Amino acid sequence: MAAPRGGWARREYPTHFLAPMGEAGEGESPRGAGALPEPRRSIAMDSNHQSNGKLSKTEKKFLRKQIKARHTLLRHEGIETVSYATQILVVANGGLGNGVSRNKLLPELEKLGQVDALLMPPNKPYSFVTYKTTEESKKAYASLNGQNIVDDLGQKIILYLNFVEKAQWKELGLQALPPGLKVIEEIISSEDEKLLLESVSWTEDTDNPNFQKSLKHRRVKHFGYEFHYENNNVHKDKPLPGGLPDICDSMLEKWLKEGFIRHKPDQLTVNQYEPGQGIPAHIDTHSAFEDEIISLSLGSEIVMDFKHPDGVTVPVMLPRRSLLVMTGESRYLWTHGITPRKFDTVQASKGHKSGIITGDVGDLTLSKRGIRTSFTFRKVRQTPCDCSYPLVCDSQMKEPPPSFPESDKEASQLEQKYVHQVYEEIAGHFSSTRHTPWPHIVEFLKALPSGSLVADVGCGNGKYLGINKELYMIGCDRSQNLVDICREKQFQAFVCDALSVPVRSGSCDACISIAVIHHFATAERRMAALQEIARLLRPGGKALIYVWAMEQEYQKKKSKYLRENKSNQGRQEISSDPSAQELFVEPVPDMGHQDSACSVPSVNDFQKGRCHSREVGNSTLPIHTNRTSFHSQDLLVPWHLKGNTSKEKPTEPFGPVLHRYYHVFCEGELEAACQTLNNVSILQSYYDQGNWCVILQKV
């Protein structure tokens, strides 16, 4: 049964699935699981109905969902509901994370009584409302439970209310602006804003060296110097004719005189963002530009996310007509980016404009984005960068090619740099090449019983999370950006490592791991990933595992990966990279009829060298040539990062070339590894268009 859109409708997991948060131990009945005051219903469910056991299907469905919401609140968020009326209600589905703004929810709540407080934690699919009296909260409980509310996108969401003793959520720590960052409000007048916007013509003129380029997520024009996305740099000896627009000159002189900036820029990039568009998190190339980078926001406000390498993220509001100035640490060390979405979580108070979006849950709401144009000014660097951040500075990095790892620590470091970081960077481009499900994986998911709980470990962009609406599917991935893409599609996904999935043992009816395990850099770590999948399965549960095959030509037939080599020559295909064959998601569609199962070799065959896996040594990892046969099991595979890949617009030049680590599996290697797992049997083993595949069952 398809659930209506909304966070708690989307987070309806059986209570045994998520690991407990510490609020209640395993096997304990959480307080609040007892009977609550019966809601007055359009789904009218009164005590007589209950005592007579004459609940309608609609009423039973509502009760199940409300109870599930209670359990999910406890298990997933640590929020304990109670079985008696209080002044405080938790409103499941009525949260900023569901696209429900304060302006939408508060009027509905106020119809039923005096609201003392409405607390809306950021990015959460629930909120807390405190009424003046318990009678008013009981009225809201009876009136709103099971009712629809229209969110800010115009879609209906069903609310589920429960009583709580106290409003509780995970507090955000006190945050400060990244060092060296400042936001100057109203730096230009509305008249000047209008003139600047009118000065930019977005009409294509290929004879103009500053002509518009349409990237996948925005439109862009360059002045002074063209920024080349293929290498994230500028040609310093090839300035564009005309320099910066005249209208900018007096403005920059004024900012210099008033001390807002220290240098006069000589390069300008103008970006235009429609609602729902964004820009991936990045650091402007150290060797390309000087310390100070400034950006003027026109047309609409925006929330920009700044992230420190240790994981701290600071959302910063950039009001319309404000100037963002980045110097020092904020320029060189912190990434900055704009999440592609149509609404931003912002402060509700009118006095708050620029700066950090705080965790004040009593003062958060949603703001609809408008069309925003940014004027980003930089000064081209003429000498190498000598900043204080050599680990992220391309001028100062002198790094040898990676070698085969000799320890678990080295393997983890290799994966961090040549798997995790790369997929964070290419997530958007990667997702654009991942849309057609593979037939045999679809067949596996479609064959599972209705109501099965399925974990997609390494779910990528969530391509398989919506295949079978009769399943409860949850995805996890190491990439935050890929998980964000899943959430944009309204799928349930969270960030974790495939070696440590925070899900209770024996809780899953099935698991899939599609093109993930070949990214682990040692046999021990690959085994640990298989053991983790087996741990998740209940007895009788099944798992489908795909890994990339060393044998790209099998039984005298070439895989599609090799066959596409000729057809792709001279064209910039979105699948012109072997990762179009895998990762957290897939080898290319069109499996053909390669469905024959292979005989499973014994563990002894494997140990005797049937699969000649390269021994760990001090040699350098080879770089694979795309669309060719493999000559080593452990290698780096290039990904050519691109921008726009749609048919409507011309493909942009290749961006930077990034390399991902792979261990491609020889025939029999995956089966032999699976045979060493405890309490697991192999139901099927087969070769599928360049991949080795197994179906396991927990005994």
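Criteria and cut-off values
Residues numbered from 1 in each chain as written. Predicted model: local features only at pLDDT ≥ 70, side-chain atom pairs only at ≥ 80, totals over all residues. Heavy atoms only, no water. Phe/Tyr/Trp six-rings, centres within 6.5 Å; stacked < 30°, edge-to-face > 60°. Buried < 20%, exposed > 50% of the residue type's maximum accessible area, 1.4 Å probe, protein only. Helix = DSSP H or I, 4+ residues; strand = E, 2+ residues; numbered from the N terminus. Pairing = 2+ DSSP bridges. Axes fitted to C-alpha atoms, helices over the stretch in contact; angles between N-to-C directions. Contact = heavy atoms within 4.5 Å. Patch = residues over 30% accessible without salt bridge, like charges linked within 9 Å, V, L, I, M, F, W, Y side chains within 5 Å. Areas by Shrake-Rupley, 256 points an atom, 1.4 Å probe, with all protein chains shown as cover. Salt bridge = Lys/Arg side-chain N within 4 Å of Asp/Glu carboxyl O. Lys, Arg positive; Asp, Glu negative; His and termini not counted. Charge placed at Lys NZ, Arg CZ, Asp CG, Glu CD. Core = buried A, V, L, I, M, F, W, Y, C linked by side-chain atoms within 4.5 Å. pLDDT = per-residue confidence, 0-100.

### Details of the packing of aromatic side chains
One pass over the structure, following the stated rule, counts 16 aromatic pairs. Taken together, a centroid distance of 6.5 Å and an interplanar angle of 40° make the contact between Phe375 and Phe377 tilted. Taking the relative accessible area as the measure of exposure, Phe377 reaches 1% and is therefore buried. Both rings, one in Tyr423 and one in Phe430, keep their centres 5.3 Å apart while their planes meet at 85°; by these two values the pair is edge-to-face. Exposure class is identical for Tyr423 and Phe430. Each is buried. By way of ring pairs, the aromatic residues Trp255, Phe375 and Phe377 are connected into one cluster.

### Some points on helix H5 (residues 134-144)
Buried residues of H5: Glu136, Ser137, Ala140, Tyr141, Ala142, Ser143 and Leu144, and no others. Immediately downstream of H5, the backbone of Gly146 shows phi near 80°, a positive value.

### Notes on the sheet that holds strand S24 (residues 472-477)
Overall, mixed pairing links the seven strands, which are arranged S25-S24-S23-S26-S27-S33-S32 in an open sheet. With partners counted over all chains shown, the strands left at the sheet margins are strand S25 (493-495) and strand S32 (680-687), one partner each. Between one strand axis and the next, the sheet turns through 15° on average, direction left out of account. As paired strands, strand S26 (residues 508-514) and strand S27 (residues 537-548) are joined by six bridges and run parallel to one another. Note that in S27 the partner of Cys511 across the bridge is Ala543. Each of strand S23 (453-457), S24, S26, S27, S32 and strand S33 (691-698) touches helix H10 (residues 439-446); the most contacted strand, S27, lies at about 175° to it. Contacts from helix H12 (residues 523-536) reach S23, S26, S27, S32 and S33 within the one sheet, and its direction differs from that of S27 by about 150°.

### Examining a positive patch on the surface
Together, Lys57, Lys60, Lys61 and Arg64 give the surface a local cluster of positive charge. Its place among the elements puts Lys57 in helix H3 (residues 57-77).

### A look at the environment of Pro539
In this fold, Pro539 is placed in strand S27. If sequence neighbours within four positions are ignored, Pro539 has contacts with Lys698 and Val699.

### Here's the deal with the packing of helix H9 (residues 408-432) against helix H11 (residues 480-488)
Contact geometry for H9 and H11: axes closest at 7 Å, N-to-C directions at 40°. Contacts from Glu424, Ala427, Gly428, Phe430 and Ser431 of H9 reach H11 at Gln480, Asn481, Leu482 and Ile485.

### Some details on the pattern of salt bridges
A full pass over the atoms with the stated rule returns 18 salt bridges. For Arg341, the salt bridge identified is with Asp344, shortest N-O distance 2.8 Å. For Asp344, a relative accessible area of 3% translates into the label buried. In this structure, the salt-bridge partner of Asp344 is Arg369, at a minimum N-O distance of 2.9 Å. Placement of the pair is Asp344 in strand S19 (residues 343-347) and Arg369 in the loop between strand S21 (364-368) and strand S22 (372-380), with a sequence separation of 25 residues. Salt bridges linked by common partners bring Glu186, Glu193, Arg320 and Arg321 together as one network.

### A word on the sheet that holds strand S1 (residues 88-92)
Sheet architecture is open: four strands sit in the order S2-S3-S1-S6, paired in antiparallel fashion. Two strands close off the open sheet at either side, each with one partner strand: strand S2 (115-119) and strand S6 (160-164). The sheet shows a mean angle of 25° between the axes of neighbouring strands, direction not considered. Pairing analysis gives four bridges linking S2 to strand S3 (residues 126-131), with the strands arranged antiparallel. Paired with Leu118 across the two strands is Val129, which belongs to S3. Packing of helix H4 (residues 102-110) onto the sheet brings it into contact with S2 and S3, and relative to S2 it is tilted by some 150°.

### Considerations on the pairing of S6
Where burial is concerned, most of S6 is hidden: five out of the five residues are buried. Along S6, one buried face is formed by Tyr160, Asn162 and Val164 and the opposite face, lined by Leu161 and Phe163, is buried too. Note that S1 and S6 share five bridges and pair antiparallel. Across the sheet, the residue bridging to Ile88 is Val164, located in S6.

### Observations regarding the nonpolar core
A general trend in soluble globular proteins is that nonpolar side chains are found buried together. Counting residues in each nonpolar core, the largest one holds 35 residues, and the members touching the most others are Cys511, Ile517, Leu530, Ile545, Leu670 and Leu696. Those elements that provide at least two residues to this core are S23, S24, S26, H12, S27, helix H15 (669-675), S32 and S33. Counting residues per element, this core draws most heavily on H12, at six residues. Look past the residues within four positions of Leu696 in its chain and what remains in contact with it is Gly541, Lys542, Ala543, Ile545, Cys674, Leu677, Val680, Ser681, Ile682 and Leu683. Val422, Val637, Tyr662 and Cys666 belong to the second-largest nonpolar core, a separate cluster that totals 29 residues.

### A word on the confidence of the model for the protein chain
Note that predicted coordinates carrying low pLDDT should not be read in detail. Within the protein chain, residue pLDDT values average 79, and 76% of them lie at 70 or more. Overall, residues 565-610 carries pLDDT values under 50, and its contacts beyond four positions in sequence, including any with other chains, amount to 156 contacts. For the stretch residues 612-618, pLDDT sits under 50, and the model shows 17 contacts to residues farther than four places along the chain or on other chains.

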